[in-house]
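Notes for the structure review
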Amino acid sequence: MGIKELAEKYENYIIEKRRYFHCHPELSFEEKETTATLVKELKDMGMEVVTFPDYYGCIGILKGGKPGPTVMLRADIDALPVKEATELPFASEVEGRMHACGHDSHMAMLLGAAKILTECKNEWKGTVKFIFQAAEESCHGAEYYAKNGCMDGVDAVMGMHIWHALNSDRVNFQSGPRMACADTLTMRVHGLSSHGGSSPHLGHDALIAAAAILMNVQTYVSRRNDPLNPLVISFCTIHGGKNFNIIADEVELTGTMRTFSRELRARIEKELRQMIQDTAKAYGCTADFEIEYHFEPLYNEHEDLVRIAQGAVSKLYGEETLAPLPQMMGGEDFSYLAAKAPAVFGYIGSRNEAKGTIYGNHNDHYNVDEDSLKMGAAVYAQFAVDFLDRKAGN
């Protein structure tokens, strides 16, 4: 029985697991029961399972019929602080928590791939590691595994995301930049308070300075950055002031910065800090600025892995299943794993207008066309087998 047929055999299992996880969402760094369920499923398949004393998530290890290289397949496991509005019969049972980004589907697809590869393990050489990663939504959940030796000996790692903008009968793997970095910006403006009605001239207004900085920072994007290089700088929160009639002496702003350019990312902090501090000085204020760096931009820069992934999809479902998908400014902490081993990242479509699965990831109505789940499981498994065969010299 081939991989496509095995995926169809395990389709009910895959859907059942997706619905279970959807009912029981857990936030980043809280995935205790999710991890326990995954560990049980993997052990029931006869796998060695690695867990961590201070971190959630797990790694299942499956050895093929003969020794060979090692490939890792990745799924993320955390949910979002979203109140679900789908009214599905398997909707979230946890108030204010929802698998609104499809990680329930990722876990189910990877468990399905584990079932498939377990059944045919005597037919391939090498080792497959199934990593179920905690806390992707935190922007640095994968960092733990990268720093603690989980990538040692891994010859390649492959990840996928189920995606609303792609029809559910389509899959995307393509070369080049796929997702941006997602770094956090924090700015604090310091002024001098005074009476806002009777003597505003005796103060140095941190609110006015912050407003000027906000406007000036946007000129970095439009005037100092190459317009051919996508860049987003968005300050999204602002907190300051003590009362309606007191000139604000301190304002804090937080935001995000997105780019595909590693070179720009390396220099932008110094340049933004200078702009921010000079603007604050013009208003008699001072300013502190820092960037909390998370993961690097996600690139598919290993052409051989892209070809293997595309070939796996074509072999299973025909070349017409492959579809283009533009690069996007959303982020993916899969980059932490990709920094440790050659990597490829793809997308499985979830959109089906006839079934109403039309809402975007992170929406409170987000749902997927479950017909795509067996496809995702099969692509995971086929990529692993094809990579191991090629790496082993078959």
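Residues numbered from 1 in each chain as written. Predicted model: local features only at pLDDT ≥ 70, side-chain atom pairs only at ≥ 80, totals over all residues. Heavy atoms only, no water.

**So, the sheet that holds strand β9 (residues 231–240)**
What links the strands of a sheet is backbone hydrogen bonding, and the strands pair in either a parallel or an antiparallel sense. Inclusion rule: Two strands make a pair as long as DSSP finds a minimum of two bridges between them. Only DSSP runs of H or I reaching four residues or more are called helices, and only runs of E reaching two or more are called strands; each is numbered from the N terminus. Every axis corresponds to a line fitted to the C-alpha atoms, with the helix fit spanning only the stretch in contact, and the corresponding angles, defined between N-to-C directions, vary from 0 to 180 degrees. Note on definitions: a residue-residue contact is assigned when non-hydrogen atoms from the two residues lie within 4.5 Å.
The strand order β9-β10-β8-β11 describes an open sheet built from four strands, whose pairing is antiparallel. Of all the strands in the sheet, just β9 and β11 (286–292) have a single pairing partner and so form its edges. Averaged over all pairs of adjacent strands, the angle between strand axes in this sheet comes to 20°, irrespective of strand direction. Pairing of β9 with strand β10 (residues 250–259), which is carried by nine bridges, proceeds in the antiparallel orientation. Among the inter-strand pairings, Leu 231 is bridged to a residue of β10, identified as Thr 259. The strands touched by helix α6 (residues 206–224) are β8 (183–190), β9 and β10; relative to β9, the strand with the most contacts, the crossing angle is about 175°. Those strands touched by helix α7 (residues 262–282) are β8, β9, β10 and β11, and its axis lies near 165° from that of β11.

**Topic: the pattern of salt bridges**
Spelled out, the test is: Note on definitions: salt bridges are taken to be side-chain nitrogens of Lys or Arg within 4 Å of carboxyl oxygens of Asp or Glu. Think of it in three bands: with a 1.4 Å probe and only protein chains considered, a residue is buried below 20% of the maximum accessible area for its type, exposed above 50%, and partly exposed in between.
The full count for this structure, using the stated rule, is 26 salt bridges. With its nearest N and O atoms 3.4 Å apart, the salt bridge here joins Lys 374 to Glu 11. You can see Lys 374 sitting in helix α10 (residues 371–392) and its partner Glu 11 sitting in helix α2 (residues 11–23), a full 363 residues away along the chain. In this structure Lys 374 comes out as buried when scored by relative accessible area, which is 18%. Taking the shortest distance from any N to any O, the salt bridge between Glu 370 and Arg 19 comes out at 2.7 Å. With Glu 370 in the loop between β14 (343–351) and α10 and Arg 19 in helix α2, this pair connects stretches of sequence that are 351 residues apart. Owing to a relative accessible area of 35%, Arg 19 belongs among the partly exposed residues under this scheme. Through salt bridges with shared partners, one network takes in Arg 18, Arg 19, Asp 104 and Glu 370.

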